[in-house]
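Understanding the architecture of this molecule
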Amino acid sequence: MDWVNGIVQGVLVGGLFALFATGLSLIFGVMRIVNIAHGDMIIACAYLAFTIIQLSGLHPLVSLLIVIPIASLVGYLLQTAILNRTLGKDILPPLLVTFGLSIIVQNGLLEVYSADSRRLAAGPIETGSFPLARGIDIGYLPLLTFLTAVVVVAGLQFVFYRTEIGRSFRAVSDDPETSQLMGLDNRKVYGLAMALCLAVVAIAGVFLATRSNFDPFMGPSRLIFGFEAVIIGGLGNLWGTLVGGVILGVAQAIGAQIDPGWQLLAGHIAFLVILAIRPEGLFPRGAR
Amino acid sequence: MALLSIKNLCKRFGALVVTDDLSFDVNEGEIIGILGPNGAGKTTLFNLIAGTIRSDAGEILFNGTNVAGTGVAERCRLGISRSFQVPHPFAGMSVFENVLVGATFGRSGDDRFEYALRALDVAGLKQKANLLAGSLPLLDRKRLEMARALATEPRLLLLDEIAGGLTERECHELLSAIRDVHSAGVTIVWIEHVVHALLSVAERLVVMNFGRLIADGKPDDVMKSREVKSIYLGEDVNV
C-alpha cells in the first residue's frame with residue numbers, strides 16, 4: 001500500500017511541477033525564448049505573496065487575487081522594456097539576459113528578505129486530508145494544487161485555440177514577419193504572452209510556498225523541474241506538459257520509496273531515460 | 001491627392017542600389033501594374049511600402065502622411081496590405097483562422113467573422129475555410145494570400161506575382177477575384193510577370209529596371225515604348 005500511496009502522492013505533486021512548467025512552455029512556444037529566470041520568477045512571486053500576506057493578513061490563496069495582476073503587469077513591462085530588445089535571429093541574447101535577470105532576482109530577494117527560509121501559512125487545508133482507501137490519504141492542498149494545474153492547462157488551451165489573443169499568439173509563433181503585415185504588433189503580443197506566463201508563475205509560486213519552505217536561491221532547481229516536465233511531455237503541448245509533470249512527480253515518489261535520498265535522482269533518471277528513448281518527448285505537437 | 005505617393009525613394013543593400021531615386025504616384029481607385037525584369041527592385045519596392053524594410057532616403061506618402069518611419073503593423077492598420085510572391089500561410093491554423101487574424105482590428109464579435117467570411121468568399125476559398133492552411137495547393141495558397149490581405153480592410157492592396165505558377169484557367173479565376181476587389185473600391189498595385197493577365201486589368205503600367213522608373217503611362221503606350229521592348233525582347237534601341 002505504501003507504494004500505491006507514494007504513486008498517488010507523486011501524481012498530485014506532478015500538478016505543481018506542471019504549474020512550474022506551463023509558463024516556460026508558453027514563452028518558448030510563442031517567442032522561442034528559453035527563460036532562465038523562470039524559476040526565480042516563481043520564487044519572486046512567492047515573496048510577493050509573502051509580503052502581501054504580512055501586510056494584509058489575507059489567506060495565501062486569496063492573496064492570488066492581488067499577486068496575479070501585479071505579476072502580469074510586471075511580466076508585460078519586463079517583456080516590452082527588456083526582453084523584446086533581445087529577440088532576433090540569434091538565440092544567445094535572450095539566454096544571457098534572462099540568466100542575468102536570474103542572478104539579479106536572487107540577489108535582490110536575498111537583500112530584501114534575507115536568506116531565511118519562509119513559508120506561507122494556509123491554515124487547516126495545509127495539513128487536512130481525507131482517506132481515499134486504507135493507507136491512502138489525499139491531502140486537500142496537494143489535491144487543490146493538482147486540480148488547479150488541470151484548470152490552468154485547460155484554460156491556456158482554451159485561450160490558445162478559442163480566443164483572439166490566442167490566435168495572435170499562434171500567428172506570431174508561426175510566422176512573425178507575416179503576422180506584422182496583418183496588423184499584429186508583435187512586441188505587444190509578446191508582452192501579453194509574458195503577462196499570461198507570469199499569471200501562471202504567480203499561481204505556481206503561491207502553491208509552492210504553501211506546500212514547502214522557500215528561500216531566495218530555490219529558483220534554479222524549480223527551473224530544472226519545469227524544463228524536465230516540458231521536455232518529457234513534448235514541446236508545444238500543454239497537456240503533454242501536465243503529463244510530464246506527473247511522470248516526474250511519480251518518479252520522485254518511487255525514488256523516495258526506495259530510499260529518501262533517491263527522490264531527486266529518480267526524477268532526473270526518468271527524464272534522462274525518456275530523453276534517450278524519445279528525444280522529442282512523449283506528445284510532441286505536430287512535426288515542424 | 002494621390003493615395004500613395006513615392007518621392008525620391010532610395011534603398012541600397014551595401015553597394016547594390018535597389019531603388020534609385022524612385023518617384024511615382026498611385027491615385028485612389030487605380031489599378032496599376034508594375035513590370036520589370038528580375039532584380040529590377042519590384043519586390044523591394046513593395047517591402048519598402050509595406051515597411052518590412054526601411055528606406056535610406058525619400059518619402060512614402062500614404063493618404064498625405066509620410067509613413068517611411070512607421071512600423072509594419074501600423075501601416076497595415078492605416079490600410080496598406082500586401083500579398084507575397086511565395087505564399088506564407090500560418091501553416092498550423094485553419095484557412096478561416098488565417099483570415100481572422102487579419103480581420104481582428106476595429107471590429108467586434110460577429111462583425112469580424114462576417115468580414116473574414118466575405119474576404120474568403122471574394123477570394124473563392126469559402127468552401128475550404130476549415131482546412132489546415134498548410135495542406136492547400138498552390139492556387140488556394142495564392143487565394144489565401146489575397147483573402148488575408150483583404151481581411152485587413154486595405155485601401156491599398158499590393159499583389160506580388162500572385163498569378164505566377166498558375167494554369168490559364170486558374171489565372172482566369174484569380175483575375176475575376178481581383179476585378180471584384182477593385183470594383184469594391186480597393187486601389188491595387190500589382191507586380192506581375194504574366195503580362196497578359198496584368199494587361200487585362202491594369203489601367204496604368206509602371207516599368208522598372210535597375211531600381212529606376214523607365215516608363216509610366218497607359219498600358220498600350222508603355223508596351224509600345226522602345227525602352228520597354230529593348231528590356232523584354234532584347235531589341236536594339238537603335239534599330
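Residues numbered from 1 in each chain as written. Chains lettered and ligands numbered in written order. Predicted model: local features only at pLDDT ≥ 70, side-chain atom pairs only at ≥ 80, totals over all residues.

Moving on to the interface of chain A and chain B. Facing the 17 residues of chain A at the interface are 20 residues of chain B. The element contributing the most residues to the side of chain A that touches chain B is helix H6 (residues 164-174) of chain A, with six residues. Split by residue class, the side of chain A that touches chain B holds four nonpolar, six polar and seven charged. (Contact = placed C-beta atoms within 7 Å. Helix = DSSP H or I, 4+ residues; strand = E, 2+ residues; numbered from the N terminus. Nonpolar A, V, L, I, M, F, W, Y, C, P; charged D, E, K, R; others polar.)

Turning to the sheet that holds strand E10 (residues 212-217) of chain B, a few remarks are in order. Residues and elements named next belong to chain B. Pairing is mixed across the open sheet formed by six strands, whose spatial order is E6-E7-E8-E3-E9-E10. Unpaired on one side and paired on the other, strand E6 (80-82) and E10 mark the two borders of the sheet. Recorded for the sheet is a direction-independent mean angle of 20° between the axes of neighbouring strands. The sheet contacts of helix H1 (residues 42-50) involve strand E3 (31-35), E6, strand E7 (156-160), strand E8 (187-191) and strand E9 (204-209), and relative to E7 the element is tilted by about 150°. (Pairing = 2+ DSSP bridges. Axes fitted to C-alpha atoms, helices over the stretch in contact; angles between N-to-C directions.)

Okay, the packing of helix H1 (residues 2-31) of chain A against helix H9 (residues 219-233) of chain A next. The angle between the axes and the distance between the axes are what describe a pair of packed helices. Residues and elements named next belong to chain A. For the pair H1 and H9, the least separation of the axes is 8 Å and the interaxial angle reads 75°. In terms of orientation, H1 and H9 fall into the roughly perpendicular class. Contacts between H1 and H9 involve Phe17, Ala18, Phe20, Ala21, Leu24 and Ser25 from the first element and Arg222, Phe225, Gly226, Phe227, Ala229 and Val230 from the second. Here the contact of H1 with H9 is composed, by residue class, of nine nonpolar, two polar and one charged. (Parallel < 35°, antiparallel > 145°, perpendicular 65-115°, else oblique.)

Before going further, it helps to examine the nonpolar core. Residue and element names in this part refer to chain A. Cys45, Ala46, Ala49, Ala193, Ala202 and Val206 are the most contacted members of the largest nonpolar core, which totals 160 residues. Ranked by residue count, the leading element in this core is helix H8 (residues 186-211), at 18 residues. Ignoring anything within four residues of it in the chain, the contact list for cysteine 45 reads Val67, Ala71, Val201, Ala202, Gly205 and Val206. (Core = buried A, V, L, I, M, F, W, Y, C linked by C-beta atoms within 7 Å. Buried ≥ 20, exposed ≤ 12 C-beta atoms within 10 Å, placed from the backbone.)

What follows concerns the environment of Glu170(B). Relative to the helices and strands, Glu170(B) resides in helix H6 (residues 168-183). With 118 residues separating them along the chain, Glu170(B) and Thr52(B) place their C-alpha atoms 29 Å apart.

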